[in-house]
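Survey of secondary and tertiary structure
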Amino acid sequence: MGKSNERLPGSTHLSFAWVLVLIALLPARHLASAGDKTAIALKVPPADQILTRLEKFHPRLLASSNQLAELKTRLDTDPQLGRWHDALRKHARSILEAEPSKYEIPDGLRLLATSRRVLDRVYTLALLYWIDGDRKYADRAWKELDTAADFKDWNPRHFLDTAEMTHAFAIGYDWLYEVWSPEQRQKLRQAIVEKGLAPALKTYRANNWWAKARHNWNQVCNGGLGMGALALGDVEPQVCGEILHDAIASLPLAMEEFAPDGAWAEGPGYWNYATSYNVVFLAALWTAAGTDFGLSSIAGFKETGLFPLYLTGPLGRTFNYADGGDHEIRAPQMFWLARQFHQPVYAWYECLHASPAALDLAWYDGHGADPKAAALPLDRYFHNAEVVAFRSEWENPKALFVGFKAGDNKANHSHLDVGSFVFDALGARWAMDLGADDYNLPGYFGGQRWDYYRLRAEGQNTLVINPATGPDQDPKAATRIIRFDSKPERSFAIADLTAAYKQHATRVRRGVSLLERKQLLVQDEVQSQSPADVWWFMHTPAVIGLEDNGKAAILSQLGVRLRAEVLSPPDAKLQIMEAAPLPASPHPAKQANNRNIRKLAIHVSGLPNIRIAVLLTPLQDDKAPLAPKVSALDQW
């Protein structure tokens, strides 16, 4: 998640006026060189010129009053929008009955759950007030905001919490501006400045860590703070102008990571978090200032909606590498991206979800085109993130789907998972990624990170070579897909994983191939100067039964079956193991419970050159297709 941030000393007890005095006394500065170069390329104007572009009316964030009023007229003509309206009302009923959120830091570090709860409640209630005109929604939103405004701080030592709460207050102030009394508006403004924008200026002026980060912290912090500044820019020009200038200058450092084709190295879960704030800020710049100052033109951003689309399998589960879960991605920003970049397939993707957020209604676009209509190929290779997705067809829940990665173990939230894959077929996930462990485990983001099973290579669907204590892949390794081919009869990708295993081998490569869109071949080639001890792992929720003296296995779940067969080496056998560390690995005192998960394994040792080839065949009937002849990866 990254480091914490100190808050402005004494800010809890400072009056609003004194905060402004201290802001003026803080030393002026420019962002560091990387930020300056990007700002110059985008021609970020001075703060006062940004402010002169601001609309004077409210609401001006994400939608105007006319657009929100128009939404109400569409509810009766679009069945899905009507269903989503009913679902949002149901959600609001639970909010109306709940007590306002409290200042709670259960893990001793994060107020984040509270900030997100306030954000969700304010969006839901404010939008329903605009749609239904019922004052009860605005009154309940005030209770939520009034309580959070009285918090001692918004926990700036973990600045995501501060940014998300600032976002919540910006929407509450802007969307319900006409409802609030002058005294209520003043209280919201004071909270945004004292607890959100003032602590942020310390980071910007010192060019501190999240202002120059290239991962989700950059987008979330800049986006949340930018929303606050856009909401108050006309009444607090000094602080808001500086915040907006610095946020616009800082944001490209993270957005450049979308290049060249929209992928995100932190995985699809953190793609959603990062782009949600990225898009919210850009959308608010357009509605409030009439421009995003060139941010949306950064290379790769217009393609980024393809990333969750391709990395979501036929079951709605993602290829959840790094610190992520495999649940479906609810991403209202896909509607905005669809309109901004004329990509109706992005809107199609978001329309699949049954549980809407407020922004799903506000940005709703029911004119999506499915992947076939959009003429999307079945397979895609995402460069930079070094991730590949294959499938047998679109929109069939029983289709075959493969997610495979090389990538950089240094990427934020990465696991030691280069070479890992997931596999869906027949309506089931056979090869699964265990996902993140508990963020509050000792040293999870520090010195003990590679002690935890789910983060180690042995907790992935990849290779372990010469297992021992400590990291089982090089944590600094960056690896690449070196060949990719997509044809109806055979699609494949080959990754050079040598950098991850350089301590133990001179060359390590893995190829995955979808054969006739019916079978998956996973093939590894390991070369070393001395005999190596190699483990091959695949985690699965299926029940496993070995056959043919361990040369094959039948995996069963949900009334369907998959056959796993070892094609090479001739004497290798499959084993069934627990999803637990090998004897030579560290055994942390506490980690996630992997109950009901098994590990299909192959162990080969005593050879300097090893080729492991495993064929995975979904069984449509009792007769499996013939196994292919094994050939070297160089001959693929």
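Residues numbered from 1 in each chain as written. Predicted model: local features only at pLDDT ≥ 70, side-chain atom pairs only at ≥ 80, totals over all residues. Heavy atoms only, no water.

**A look at the overall build of the protein chain**
Regarding its fold elements, the protein chain presents 16 helices and 16 strands. A globule of 636 residues ought to have a C-alpha radius of gyration of about 26 Å, and the protein chain, at 26 Å, matches this closely. Expressed as lengths along the three principal axes of its C-alpha atoms, the size of the protein chain is roughly 80 × 55 × 45 Å. Taking all 636 residues of the protein chain together, the buried fraction comes to 60%. (Helix = DSSP H or I, 4+ residues; strand = E, 2+ residues; numbered from the N terminus. Rg over C-alpha atoms; globule rule 2.2 N^0.38 Å. Buried < 20%, exposed > 50% of the residue type's maximum accessible area, 1.4 Å probe, protein only.)

**Remarks on unusual backbone geometry**
Here the bond from histidine 58 into proline 59 is cis, since omega is 0°, no more than 30 degrees from zero. Here proline 59 is to be found in the loop between helix H3 (47-52) and helix H4 (65-74). Proline 569 follows serine 568 through a cis peptide bond whose omega is -5°. Despite not being glycine, asparagine 384 shows a phi value in the positive range, around 75°. Assignment of secondary structure puts asparagine 384 in the loop between strand E1 (380-382) and strand E2 (387-391). You will see that glutamate 395, though not glycine, has its phi angle at about 60°, which is positive. When you line up the elements, glutamate 395 lands in the loop between E2 and strand E3 (401-405).

**Brief notes about the packing of aromatic side chains**
In total, this model carries 28 aromatic pairs according to the counting rule given. Consider the rings of tyrosine 381 and phenylalanine 484, whose centres lie 5.8 Å apart with planes at 45°: the pair is tilted. Separated by 103 residues along the polypeptide, tyrosine 381 in strand E1 and phenylalanine 484 in strand E8 (residues 478-486) bring together distant segments of the chain. Ring plane angle 20° and centroid distance 6.0 Å describe the contact between phenylalanine 390 and phenylalanine 484, whose orientation is recorded as stacked. Of the two residues, phenylalanine 390 is situated in strand E2 and phenylalanine 484 in strand E8; the sequence distance between them amounts to 94 residues. (Phe/Tyr/Trp six-rings, centres within 6.5 Å; stacked < 30°, edge-to-face > 60°.)

**Observations concerning the pairing of strand E14 (residues 560-568)**
Of the pairings in the sheet, the one linking strand E13 (residues 552-557) to E14 comprises 6 bridges and is antiparallel in character. Following the sheet pairing, glutamine 557 is matched in E14 by valine 560. (Pairing = 2+ DSSP bridges.)

**Let's talk about the pairing of strand E16 (residues 598-618)**
In the sheet, strand E11 (residues 519-540) pairs with E16 via 17 bridges, with the strands oriented antiparallel. When the bridges of E16 are listed, tryptophan 536 appears paired with isoleucine 602. Of the strand pairs in this sheet, strand E15 (residues 574-578) and E16 are connected by 5 bridges, and their pairing is antiparallel. Looking at E16, one finds that isoleucine 576 is bridged to leucine 600.

**Let's talk about the nonpolar core**
By size, the foremost hydrophobic cluster in this structure holds 134 residues, and its most contacted members are Leu61, Leu62, Tyr123, Phe169 and Trp175. Element by element, the count of residues in this core is highest for helix H12 (residues 268-289), at 14 residues. If we ignore the near neighbours within four places in the chain, the residues touching tryptophan 175 are Pro59, Leu61, Leu62, Tyr123, Ala126, Leu127, Trp130 and Leu359. (Core = buried A, V, L, I, M, F, W, Y, C linked by side-chain atoms within 4.5 Å. Contact = heavy atoms within 4.5 Å.)

**Side note on the packing of helix H5 (residues 79-97) against helix H6 (residues 112-132)**
Relative to each other, H5 and H6 sit at 120°, their axes nearing to 10 Å. Between H5 and H6, the angle is such that the two are oblique. Between H5 and H6 lies a crossing whose hand is left-handed. Only Asp120, Arg121, Thr124, Leu125, Leu127, Leu128, Ile131 and Asp132 of H6 make contact with H5, whose side of the interface consists of His85, Leu88, Arg89, His91, Ala92, Ile95 and Leu96. (Axes fitted to C-alpha atoms, helices over the stretch in contact; angles between N-to-C directions. Parallel < 35°, antiparallel > 145°, perpendicular 65-115°, else oblique. Left-handed = near helix turned anticlockwise from the far one by under 90°.)

**Focus on the environment of histidine 413**
As for its position among the elements, histidine 413 is in the loop between strand E4 (407-408) and strand E5 (421-425). By relative accessible area, histidine 413 is classed as buried at 4%. Sequence-wise, histidine 413 and threonine 52 are 361 residues apart; in three dimensions their C-alpha atoms are separated by 39 Å. At a separation of 3.5 Å, a polar atom in the side chain of histidine 413 contacts the side chain of tyrosine 270. Within the local environment of histidine 413, its side chain forms a polar contact with the side chain of aspartate 323, the two groups lying 2.9 Å apart. (Polar contact = N/O pair within 3.5 Å; in protein donor to acceptor, adjacent residues only side chain to side chain.)

**Description of the side chain of asparagine 409**
Positionally, asparagine 409 belongs in the loop between E4 and E5. The exposure class of asparagine 409 is buried, given its relative accessible area of 3%. Within the local environment of asparagine 409, its side chain forms a polar contact with the backbone oxygen of aspartate 474, the two atoms lying 2.9 Å apart. Once residues lying within four places of it in the same chain are set aside, the contact partners of asparagine 409 are Ser414, His415, Leu416, Asp417, Val418, Gln473, Asp474, Pro475 and Ala477.

**What about the confidence of the model for the protein chain?**
Averaged over the protein chain, the pLDDT score is 92; the fraction of residues at 70 or greater is 93%. The low-confidence segment residues 1-40 (pLDDT under 50) makes 87 contacts with residues lying over four places distant or belonging to another chain. (pLDDT = per-residue confidence, 0-100.)

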